[in-house]
Amino acid sequence: MSIHENLLGGPAPTHLPDDPEPRELLAAGTPPAEVAAKYPTSSLAWAQLADEAYEGGRVIESYAYARTGYHRGLDSLRRAGWKGHGPVPFEHEPNRGFLRALHALARAAGAIGETEEHERCSTFLRDSSPTAADILS
């Protein structure tokens, strides 16, 4: 038996490949808009833009940034072998940008009254990573 065998029969966790440059730039204080412009596929940069906009009371901007990060993350997940469901562990740092964008999209959708999208994204987050749902909420 392989040490990584999934005994529950569900899909294996998806681990996105590491892309350290955007994360390092953001950690060094580079504005997220600059990072998103340089690395437009970085869900982390879009999630940070969404968070800043939301904290600034710009909910529609937050929604748009979060949706961009979410879709960029879905593209990355699919390239990594994800089949539309299964764990996306928060413990794997490269997954955090997607999970943060998903959380930000749920939050912004709720704030603008998009109840169905808020519920769908909240459920998707919890199903993908209970840890992320607990930490980000």
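- You'll find the protein chain entered in an unreviewed UniProt entry as DUF3151 domain-containing protein, with Streptomyces arboris given as the organism.

### Section: the packing of aromatic side chains
- This structure, assessed with the given rule, holds five aromatic pairs.
- Between Y70 and F98, the ring centres sit 6.1 Å apart and the planes meet at 25 degrees, which makes this aromatic pair stacked. Here F98 lies in helix α5 (residues 96-111) and Y70 lies in helix α4 (residues 59-79), a separation of 28 residues in the sequence. The pair formed by Y70 and F98 is uniform in burial state, with each residue classed as buried.
- Look at F98 and F124: their rings are 5.9 Å apart centre to centre, the planes differ by 65 degrees, and that puts the pair in the edge-to-face class. Of this pair, F98 sits in helix α5 while F124 is found in helix α6 (residues 115-128), placing the two residues 26 residues apart along the sequence.

### Points about the environment of D134
- When you line up the elements, D134 lands in helix α7 (residues 130-136).
- Residue classification places D134 among the exposed residues on the basis of a relative accessible area of 53%.
- In terms of polar contacts, D134 uses its side chain to reach the side chain of R126, at 3.0 Å.

### Things to note about α5
- The terminal C-alpha atoms of α5 lie 22 Å apart, and with 16 residues this matches the ideal 22 Å at 1.5 Å per residue to within 8%.
- Among all positions in α5, only G97, F98, L99, A101, L102, H103, A104, L105, A106, A108 and A109 are buried.
- Tucked into the core, α5 has its buried residues touching α3 (43-55), α4, α6 and α7.
- The positive-phi residue at the C-terminal boundary of α5 is G113, with phi of around 85 degrees.

### Details of the pattern of salt bridges
- Evaluated as defined, the whole model comprises nine salt bridges.
- D51 is paired through a salt bridge with R107; the nearest N and O atoms lie 2.9 Å apart. In this pair, D51 is assigned in helix α3 and R107 in helix α5, connecting sequence segments 56 residues apart.
- A relative accessible area of 15% places D51 in the buried class.

### Comments concerning α4
- Its 21 residues place the ends of α4 30 Å apart at the C-alpha level, agreeing with the 30 Å of an ideal helix rising 1.5 Å per residue.
- Residues of α4 that are buried: S62, Y63, A66, G69, Y70, G73, L74, S76 and L77. What you see down the axis of α4 is that its buried residues fit within an arc of 160 degrees, all on one side. In α4, the exposed residues that point more than 90 degrees away from the buried face are I60, R78 and R79.
- Trailing α4 by a residue or two, G81 shows a phi angle of about 100 degrees, which is positive.

Parameters at a glance
Residues numbered from 1 in each chain as written. Predicted model: local features only at pLDDT ≥ 70, side-chain atom pairs only at ≥ 80, totals over all residues. Heavy atoms only, no water. Phe/Tyr/Trp six-rings, centres within 6.5 Å; stacked < 30°, edge-to-face > 60°. Helix = DSSP H or I, 4+ residues; strand = E, 2+ residues; numbered from the N terminus. Buried < 20%, exposed > 50% of the residue type's maximum accessible area, 1.4 Å probe, protein only. Polar contact = N/O pair within 3.5 Å; in protein donor to acceptor, adjacent residues only side chain to side chain. Expected span 1.5 Å × (residues − 1). Contact = heavy atoms within 4.5 Å. Salt bridge = Lys/Arg side-chain N within 4 Å of Asp/Glu carboxyl O. Arc of directions from axis to C-beta.

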